[in-house]
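Structural features, examined
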Amino acid sequence: MLLSFLRKNLRLTGTKYGCGGGGCGACTVMVSRYDPQTKNINHWSVNACLLPVCQLHGAAVTTVEGIGSTKTKLHPVQERIAKAHGSQCGFCTPGMVMSMYTLLRNNPQPTMEDVTEGLAGNLCRCTGYRPIVDGYRTFCESENCCQLNGSTCNMSNGNENGSGQPELFSKGDLLPLDPTQDLIFPPELMRLAEVKDQTTQRFCGERMTWISPGSLNELLQLKADYPQAPLVMGNTNIGLDMKFKGIFHPVIISPTQVPELISEWFVFVGVCVGAGCSMSFLKSVLERSINDFPPESTHMFRTLLQQIKLVGGQQIRNVATLGGNIASAYPNSDLTPILAAGRCTLVALSKGDQTSYIIYNILINFFLGFAKTVLKPDEIVLSVFIPASRPNEIVHAFRHAPRKESALATVNAGMRVWFNENSNVVKEISIYYGGVGATILSAERACQQIVGRPWEEATLSDVYSTLVDEIKLGPSAPGGKVDFRRSLTLSLFFKFNLAQMGNLCSNPACNIHCVLCVQNVLEGQSAQDPVGRPMMHRTALSQATGEAVYCDDLPQTDGELFLVIVTSSRPHAKITHIDFSEALKLPGVVDVITAKDIPGKRFRTFTGYDEELLAEDEVTCVGQMVCAVVAESKAHAKRGAAAVKISYEDLQDRIFTVEEAIEKESFFLPRRQIERGDVEKGLREAEQIRIGGQEHFYLETQSFLVIPIGEEKEMKVYLSTQHPAFTQEAVAETLGIPSNRVSCHVKRLGGAFGGKVTKTAILASITAVAASKTGRPVRCVLERGEDMLITGGRHPVWGKYKVGFMKDGRITAADFQYYANAGNVVDESVLVAEKILLHLDNAYNIPNLRGRSAACKTNLPSNTAFRGFGVPQCMLVVESMIDDVALKLGRLPEEIREINMYKEVSLTHYKMEFDPENLVRCWNECMKKADFRQRRQAIDIFNQQNQFKKRGIAIVPIKYGIGFAEAFLNQAAALVHIYKDGSVLVSHGGTEMGQGIHTKVQQVASRELNIPTSLIHISETSTQCVPNTCPSAASFGTDANGMAVKDACQILYNRLEPIRKKNPKGTWQNWIITAFLEKISLSATGYYRGHDLDMDWEKQEGKPYAYFTYAVGCSEVELDCLTGEYRTLRTDIVVDIGRSINPSIDIGQIEGAFMQGLGLYTMEELKFSPSGVLYTRGPSQYKIPSFCDVPLKFNGIGEPTVFLGSSVFFAIKDAVTAARKDAGLTGPFQLNSPATPERACLACATHFTQMVYESYTQPWALNI
Ligand SMILES: Cc1cc2nc3c(=O)[nH]c(=O)nc-3n(C[C@H](O)[C@H](O)[C@H](O)COP(=O)(O)OP(=O)(O)OC[C@H]3O[C@@H](n4cnc5c(N)ncnc54)[C@H](O)[C@@H]3O)c2cc1C
Ligand code: FES
Ligand code: FES
């Protein structure tokens, strides 16, 4: 693929690997071709991970390195994302840059709609997208009033104009966009295109032959010669099969340049499109058709156009073809239902004895089953005919997907009705559904019921029950969501009716606006002092140009091998034999590493339990690491890994869910309890809520490069970890060598969020064993699917609670029981369970309070630390309890929250004293800024006026403890060198993972040494510079390391004092050189001894946190009760942040965490099969928020946490409550997290959901 060619062969590592499957956009590049007919140069953004290099003959490829660099000149697209603070960890940034660059090459004056459409295929896990939108908004003429005409702008990079507050970035300094400066298309490629070289190209690899025919005849001949060979067009389907399912094709035919496949013909009754046309090309054909045909004939074109815009992201639409979509015959194609309903036909062609044309009607029996059509192996689809609509004929398409953009549909539909002239009597109707079976389904009986009858209530009301009977799904239908999908078939038909009547409301457009309040620095602060001022992430520009180096960007070292992990396929089994003889015979395979090869300790110990690095005798989950194959290349290692055969003897006692763990008393000890007051008094019956787990989905997967130095057992480990010292210790123990022989080096991480601590150390240890055994450098970079399978995520939690309350809303007692699904090994689960108990009270003073928590041991991959460390799960249960009290009393949740909130200096349930003044201030300020009470009234009115759309609003507070409850982790060290030229090198124990720690530390050093930041450099985090460091976690990295750097700088500054006194007018450089000549040491270590925190679980009291931070979030949503889809209309956030070192970075953290919380509580679902196999192993199955999930209005100050995302959850719950009221349902109800469209829709209890409800016993996925 182009991606590995760029990265490995050309050493252009700016283009990143994030998923390998077209789902994240990290690998976006621009492909350009010259069209000799139109004389135009066309540019497309494409995913390099799916683009075969062999398809690029005659094309120019532009990567992020090609458009600008910090060494020469930046491109405005690179500059603006960096300066607008749109690059945190930076791993997604080159992809964003290239998507935007391509958009501007095609359209230098885009609208905001163009920008969001162009970026929809790019994911970012750090920023929350707002700063990226803000940076790129500056290219939009309509959004850019102040820059264009100098008038007053009310939307200047998110700041309220006239507020007197500093701007996050200054538009005035930005480089102008000058298209004349863009790279020119290579003239030799133009000449090549003019020659119309139609000869066949053949490429032969080690195992595969690639043939690109130049003409249709050749294509048909090749198809006759190699009937089993696939046609690779956009490669968006076949490529995934080859990559992820291991399907191998010895011959591939790629007719992307065959003219007949990529043309279009307009005829009187419609338009004929070559099957090789991409979706983007089809879009332009339809746009032209809409202009050229009489308006009344364009209904089908418009509908198809609207549907195409929703297929994948821009990069997918630029390559995925119409023919490929049809021939792939997968059940939730967005095109086939509408093509079928819209009477489209296709022409298929084969050579045979004589070339035969067959016209298939897509309507009738073309699709035979999952990925099966009637096409014969030697047939190809030549073209598709899309008929113009006839008078009185109306066509509509609908889809519901787990995310608004770039997500395959859960259910979709194409529906067409043709009326008798001047009448509402139906002459013809077709209804096709996708996503409800192995192939698209026609609702024939329902259609028969309608034909010949007038389109009116009486006719249609019969149809729903027919549809319920006709569109069935088995109890364990692949994809699950059975009730929901069936209810969607009804509600989509209902929407067809609404559309028919012209009553279908459109969804709010995705146009994001933000108002951010930024702190002012204290009066009198010197202009040079950067502390407290917004400052760009110190390497944002390198990140935007692709120069920033991540672990896998390190150049290949001599003799380097690649390591691929082999994992267990059984949830619980004895390993009876590992046979790797076949693997060792394969070319390129060098060795197989098993537990027996580990020279030192074969396990890591966490909270008293041992975790094997590689399983020896028994496996306890699918995905457990068993052995590893090392080979000359990644491809060889993958083949080797596939050839390893592990024999098992299954063990029967498998535990997957928390219920099973409770029944079998399968827990990691100790189980904790905390209690104050008399809890039993006045408690009501228990309620419950489930909170699903969450995948970290850092964009950079786990990556390692271990280099044996070859002398005295020294090992250099380059890796992406939050905790280098822990990895150093793990590697040393594993190899049986002292720590002083192992050095760990971390330049930067492409995101981490807690997921790069424990599992990283284990993976690094295995890689080190391979390096030690072979004596060669070994690289290991997990693929996205491996990473998701092996490394675990946030703990799913089942929370039960009982609550006692008074009629006036005061909660008198609450009793919580938490069960966290820890997985097969303990990792940090016991600590997570403890932290849950420490946040039980959230912001509420509940006099009688008890909490019990347990980490359940199950046969699922082990879960680990994740931003918030159990608190987001804990608090959702607490807030659900508050909601229930409100529903029970018929009052509003915000009233119950206010009544019970801490209001004066208090003791927590573990007797830590604190002052909640800032909590109350945050609450009041958020209430005011959000205009909460007025909006609540407006929402009530909206809900009375709308039956199927409901709005909801919620405001939630958080009190969050900062620091590690384990006292010894609250320390940090730093090393600062000043060189003779005055430049300063700072090293500290924190790792840079996008949170901007190096930038803030640079600001601190600048203030302490009183020099500009430009003199200060931070190269990497290394155990050689600063030993025995603590993890960058618990929101404590900058607090601790900043203090250590401050200490070191103050030592140095004081040492220079006599020199400064002697020469007060001297420059920094003068003083430094003098100090050197006077033999004053210019190097110092700094140390920070943090708070002595502790928690005595026996006594149930302590001071486990240095302090609390407070925040309040308020969100409003609009929910479509028919489909469960929602849109966050507005979010307001207020946080007590103290004094920020760098407001732009802190705001970035706030928004990023909020969006991660929004994903956790409303969208992200991990799915396991009934036998414990993780289904969700990539962005196609696991949806994190994308651009269009950002609240349309996003107002914030301060540093909030993930938990504030729950304001969206509770706003959805509020909207559902309104819908349930219409259905006659009041009182508490259980809404589990995430509140996906499925859950929200079913909870609304509409007429349609009630029609389909059945209880299934054999679900497709586990409820863990
Ligand atoms: C990230 C991602 C998101 C996606 N989102 C959506 C979505 O939202 N909605 C949706 O509908 N689809 C979606 N898809 C699927 C995508 O639309 C299809 O994979 C694509 O249309 C297939 O076209 P292709 O040219 O890439 O086919 P290829 O992968 O090149 O080929 C697929 C199959 O079709 C056969 N084939 C191709 N052309 C012909 C022909 N002319 N005659 C006979 N056989 C042929 C090939 O032999 C092969 O077996 C998504 C895919 C990805 C990777
Ligand atoms: S790496 Fe190509 S889209 Fe994710
Ligand atoms: S900055 Fe986007 S993924 Fe980190």
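Keep in mind the model is a prediction, meaning the values are calculated, not measured.

Cut-off values and rules
- Residues numbered from 1 in each chain as written.
- Chains lettered and ligands numbered in written order.
- Predicted model: local features only at pLDDT ≥ 70, side-chain atom pairs only at ≥ 80, totals over all residues.
- Heavy atoms only, no water.
- Helix = DSSP H or I, 4+ residues; strand = E, 2+ residues; numbered from the N terminus.
- Rg over C-alpha atoms; globule rule 2.2 N^0.38 Å.
- Buried < 20%, exposed > 50% of the residue type's maximum accessible area, 1.4 Å probe, protein only.
- Contact = heavy atoms within 4.5 Å.
- Areas by Shrake-Rupley, 256 points an atom, 1.4 Å probe, with all protein chains shown as cover.
- Lys, Arg positive; Asp, Glu negative; His and termini not counted.
- Charge placed at Lys NZ, Arg CZ, Asp CG, Glu CD.
- Phe/Tyr/Trp six-rings, centres within 6.5 Å; stacked < 30°, edge-to-face > 60°.
- Lys NZ or Arg CZ within 6 Å of the ring centre and 35° of its normal.
- Disulfide = S-S within 2.5 Å.

**Quick word on the overall build of the protein**
A count of helical and extended segments in the protein gives 37 helices and 48 strands. Taking 1264 residues into account, the globule formula puts the C-alpha radius of gyration at 33 Å, and the protein, at 31 Å, falls close to it. Overall, the C-alpha framework of the protein stretches about 95 × 75 × 75 Å when taken along its three principal axes. Relative to its 1264 residues, the protein shows a buried fraction of 62%. Restricting the contact set of the protein to residue pairs at least 6 apart, pairs at least 24 apart contribute 77%. Surface accessibility of the protein: about 45700 Å² in total, with carbon and sulfur atoms responsible for 52%. When the 125 positive and 130 negative side-chain charges of the protein are each reduced to one mean point, those points stand 1 Å apart.

**Considering the packing of aromatic side chains**
For the coordinates displayed, the defined rule picks out 28 aromatic pairs. Taking 4.9 Å as the distance between ring centres and 65 degrees as the angle between the ring planes, the aromatic pair formed by F494 and F948 counts as edge-to-face. Of this pair, F494 sits in helix α18 (residues 482–500) while F948 sits in the loop between α30 (932–945) and β38 (949–962), placing them 454 residues apart in sequence. Judged by relative accessible area, which is 14%, F494 ranks as buried. Geometrically, the ring pair formed by F1209 and F1210 is edge-to-face, given 5.0 Å between the ring centres and 80 degrees between the ring planes. F1210 sits in the buried class, given a relative accessible area of 2%. Through successive ring pairs, a cluster of aromatic residues spans F398, F419, W455, Y464, F493, F494, F496, F948 and F1248. Directly above the aromatic system of W418 lies the positively charged group of K427, at a separation of 3.9 Å from the ring centroid. Lying across the ring of F942, R951 places its NZ or CZ 4.0 Å from the centre.

**A word on the environment of P213**
Inspection of the secondary structure puts P213 in the loop between β5 (209–212) and α9 (216–225). Sequence-wise, P213 and S254 are 41 residues apart; in three dimensions their C-alpha atoms are separated by 7.0 Å. Those residues within four positions of P213 in sequence are excluded, and the remaining contacts are T200, E218, L219, L222, I253, S254, P255 and V258.

**With respect to the state of the cysteines**
For the structure shown, the criterion picks out 0 disulfides. As a non-bridged cysteine, C277 has C272 as the owner of its nearest cysteine sulfur, 9.7 Å distant. Sulfur of C1244: no disulfide; nearest cysteine sulfur belongs to C1121 and is 3.9 Å away. On the basis of relative accessible area, C1244 is assigned to the buried category, the value being 1%.

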